[in-house]
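Structure at a glance
Residues per chain, in single letters:
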Amino acid sequence: MAKHTLSVLVENHAGVLSRVAGLFSRRGFNIDSLAVGVTENPEVSRMTIVVDGDEHTVEQVSKQLNKLVDVIKLKKLDVSESIKRELTLIKVTANASNRTEIIQIVGIFRANIVDVSKTTLTIEVSGDSDKVAALEDMLRQFGIKEIVRTGTIAIERGNRIIKVTNNEEE
Amino acid sequence: MRMTGAEAIVKALEMEKTDVIFGYPGAAISPFYDALLGSSITHILTRHEQGAAHGANGYARVTGRVGVCVATSGPGATNLITGIANAYMDSIPIIAITGQVPCAMIGTDAFQEADITGATAPFSKHNYLVKDAEDLPKTIKEAFHIAATGRPGPVVIDVPVDVQNSTLDFKYPKDVDIKGYKPTCKGHPMQIKKAVAALEAAQRPVICAGGGVIAANASEELLELAQRRNIPVATTLMGIGSIPSNHPLNCGMIGTHGKRTANYALNHADLVLILGARVGDRAIGSASVLAKRAKIIHIDVDPAEIGKNINTAIPLVGDVKLILADMLKCVSSDDSDQWAATIAEEKQKWQKKASADANELKDDKEESQYVNPKYLLPLLSEVLPAEAIIATEVGQNQIWAANNCQIHKPKTFITSGGLGTMGYGLPAAIGAKIGRPEVPVAVISGDGSFQMSVQELGTMKHYAIGVKIVLFNNSRLGMVRELQLSKHEGRYSQVCLDKNPDFVALAAAYGFKGERISSNSQVKDALKRLTADDEPYLLECIVDPMEPTL
């Protein structure tokens, strides 16, 4: 199934996340990932939602989201016209014998080691999902103990911005 | 002006020109009820919160205003949920105000605490939990705006009891500005041009009118368009009343339980103009088949409905009244009525058959053993004035009413369409009578549905509300029985209600007049007695348990 990224500006109120999640669940839409945080305007938060589905599904998702009074603005991000990133923390099994090799791989990916112990190494990597997946692949042979991901966040290229406006024609 | 939160709610309702509210008190809403004593707003005390929600719904449907219902926290609020969901599915503007435990106790499983804002999120247009009394005036103003504009719907306002008791400086805002809510009213001029062109090019156009035409008060524009180009008009269940039942261009209700003529028209059309309808699955079952055969123009105020269930060639978002008015400015007239004549022939054919069937019953040498609803309902329509309001329950009684009553005006046929809520009819009829006391209001009911809201007879007695109840008693859950016959090879499971009480005696216990009839020959006289005055009356009709819906 194709994945589509929606960037949604919402009111920064309690319960908004629950409403959006509820909408997806009752309409049977699949959320691949959801990340939310406050924007440059403290009254507005931005949700980046990656949806699994065909064109028709994504159109319905967008329209239903727009119906929510808390949703101010929504834009489907074009793959080629936007930058996507996610942050992942990976804990691998590591001991004296293979630690160096892991450190080399981490260096090649320009990732960071944020924790070390006798038996583990914790790596922080950020990038587009392909890069993160590639690093995971390389680390699998050592034994991945735990992975924690943020969702995907995205921003448009160039000087395009998604902003709350009072323009009724938008 | 300084006042308590409770007084502010009452004052805000007065600012919104609310004259009636339906409700049931409790601990968490008692400050509001105290403040209500100082107001001129009429409060109708129902016998179940569900009755309050359905009452507000019926009131809203017949007046075009926003209905208001009030309940306490916990079970009071949860009892409103069916009514709120019902209003959501049928796009009816109501406000539900519920009490809540004090702010500090929210989330502690306090006495009569229920997360009503969480619970109603799926079936409300929007909801609020007001934690600061200062927010009350703005919240109520916004709530009324959201409920009544765009695609109407229910809004829930949850007010903790300590917020009702705290004080604020009351200032009622002049306007609303909600960043995320700006419904489109005017249609896109390009799309309107396209729609007009398509309509003029079509050989066999059909209009499908839904509840949106009635909500937008667009009956005049609908009629003008249909008449100008001789376009047959079919309606959904919610669209009944948008065009008079006896109008020559009216083909009747579409769908699984609709009229053959209406479905024929839709199946042979090359263009279908869908007005204010959401292409429900009971109305248009095979949307993909229809869209392949006919060009679809879909006009609706809710952009999410367009393209949701049917592939639309020409989508048009906006208020159906404004869009039709714009279309009428440039649509040419068409005198050719070949297609309309074909539909009229179909209609005549089926009407002849229907009256032949009815006559068969009348000409029986013996007295018929039961009352036939399809015989009674047209006679009821004859004896009621054109502006009379008919409410229905849900099930066979609902479809019999939809297909056999003559509805002359919009906002005079009230039925639970989308949710199909049994027990809706009686409290909705009560709400309707309160909203339009000067017209006769009848509710078409069944023995199953009637017993779901029977306690509202108490509300009728309390306020002397003259609703006329026509109860089709077949001692069955008729619609489900029919389903079990066709889908489960007649293995009937839990559809037999043959230990019903004496409904006429029950009505008499409330002090109401009534009678029971069991033959078609008794119908005409009974209807005279039913409609003789403006007092409550229960007409129980014994109906054949095997009487088919269609």
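This paragraph deals with the domain arrangement of chain A. For an interface, size is often stated in terms of accessible area lost upon the parts coming together. All names here are of chain A. Domain annotation of chain A identifies domain 1 (3-77) and domain 2 (83-153). Summarising the inter-unit geometry, the C-alpha centres of domain 1 and domain 2 are found 29 Å apart. Tallying the contact residues gives six residues for domain 1 and five residues for domain 2. Put simply, the parts of the chain that give the side of domain 1 that touches domain 2 at least two residues each are strand S2 (30-38) and strand S3 (44-52). No other element matches the three residues that S2 contributes to the side of domain 1 that touches domain 2. Residues belonging to the side of domain 1 that touches domain 2 are distributed by class as follows: three nonpolar, three polar and no charged.

Attention shifts here to the sheet that holds strand S19 (residues 513-517) of chain B. Residues and elements named next belong to chain B. The strand order across the open sheet built from six strands is S16-S15-S17-S18-S20-S19, with neighbouring strands paired in parallel fashion. Looking at which strands have only one partner, the edges of the open sheet turn out to be strand S16 (413-414) and S19. Here four bridges tie strand S15 (residues 389-392) to strand S17 (residues 441-446), and the two strands are oriented parallel to one another. Across the sheet, Ile389 pairs through a bridge with Val441, a residue of S17.

A separate point is the nonpolar core. With 167 residues, the main nonpolar core has Ile9(B), Cys69(B), Ile94(B), Ile95(B), Cys208(B) and Leu275(B) as its most contacted residues. The residues contacting Cys208(B), other than those within four sequence positions of it, are Ala234(B), Thr236(B), Ile254(B), Leu266(B), Val272(B), Leu273(B), Ile274(B), Leu275(B) and Ala277(B).

We now examine the domain arrangement of chain B. Residue and element names in this part refer to chain B. Along its sequence, chain B is organised into domain 1 (2-169), domain 2 (189-342) and domain 3 (364-542). Distance from the C-alpha centre of domain 1 to the C-alpha centre of domain 3: 30 Å. Taken together, the 25 residues of domain 1 in the interface contact 27 residues of domain 3. Of all the secondary structure elements, the ones that give two or more residues to the side of domain 1 that touches domain 3 are strand S2 (20-23), strand S3 (42-45), helix H3 (49-63) and helix H5 (81-90). Ranked by the residues each element gives to the side of domain 1 that touches domain 3, the list is headed by H3, at 11 residues. Class assignment for the residues of the side of domain 1 that touches domain 3 results in nine nonpolar, 13 polar and three charged.

Residue and element names in this part refer to chain B. Among the six residues in strand S7 (residues 155-160), six count as buried, and that is most of the element. Here S7 shows two buried faces, one formed by Val155, Ile157 and Val159 and the other by Val156, Asp158 and Pro160. Where strand S5 (residues 94-100) lies against S7, six bridges are found, and the strand directions are parallel. Residue pairing in the sheet places Ile95 in a bridge with Val155 of S7. Where strand S6 (residues 126-129) and S7 come together, four bridges link them in parallel fashion. Across the sheet, the residue bridging to Tyr128 is Ile157, located in S7. Note on the crossover from S6 through helix H7 (residues 136-148) to S7: the handedness is right-handed.

Residue-level contacts link 18 residues of chain A with 15 residues of chain B. Contributing elements (two or more residues each) for the side of chain A that touches chain B: helix H1 (16-27), helix H2 (55-67) and strand S4 (71-77) of chain A. At five residues, H2(A) tops the list of elements feeding residues into the side of chain A that touches chain B. Classifying every residue of the side of chain A that touches chain B by side-chain character gives five nonpolar, five polar and eight charged.

Moving on, we come to the packing of H3(B) against helix H18 (residues 425-435) of chain B. Residues and elements named next belong to chain B. At a closest axis distance of 6 Å, the pairing of H3 and H18 adopts a crossing angle of 45°. One element, H3, and the other, H18, form an angle in the oblique class. For the pair H3 and H18, the crossing hand works out as right-handed. Here Gly51, His54, Gly55, Ala56, Asn57, Gly58, Tyr59, Arg61, Val62 and Thr63 of H3 come into contact with H18, specifically with Pro427, Ala428, Ala429, Ile430, Gly431, Ala432, Ile434 and Gly435. Grouping the amino acids of the contact of H3 with H18 by side-chain chemistry returns nine nonpolar, eight polar and one charged.

Rules and cut-offs
- Residues numbered from 1 in each chain as written.
- Chains lettered and ligands numbered in written order.
- Predicted model: local features only at pLDDT ≥ 70, side-chain atom pairs only at ≥ 80, totals over all residues.
- Domains from an automatic or database assignment.
- Contact = placed C-beta atoms within 7 Å.
- Helix = DSSP H or I, 4+ residues; strand = E, 2+ residues; numbered from the N terminus.
- Nonpolar A, V, L, I, M, F, W, Y, C, P; charged D, E, K, R; others polar.
- Pairing = 2+ DSSP bridges.
- Core = buried A, V, L, I, M, F, W, Y, C linked by C-beta atoms within 7 Å.
- Buried ≥ 20, exposed ≤ 12 C-beta atoms within 10 Å, placed from the backbone.
- Right-handed = clockwise from strand over helix to strand, strands pointing away.
- Axes fitted to C-alpha atoms, helices over the stretch in contact; angles between N-to-C directions.
- Parallel < 35°, antiparallel > 145°, perpendicular 65-115°, else oblique.
- Left-handed = near helix turned anticlockwise from the far one by under 90°.

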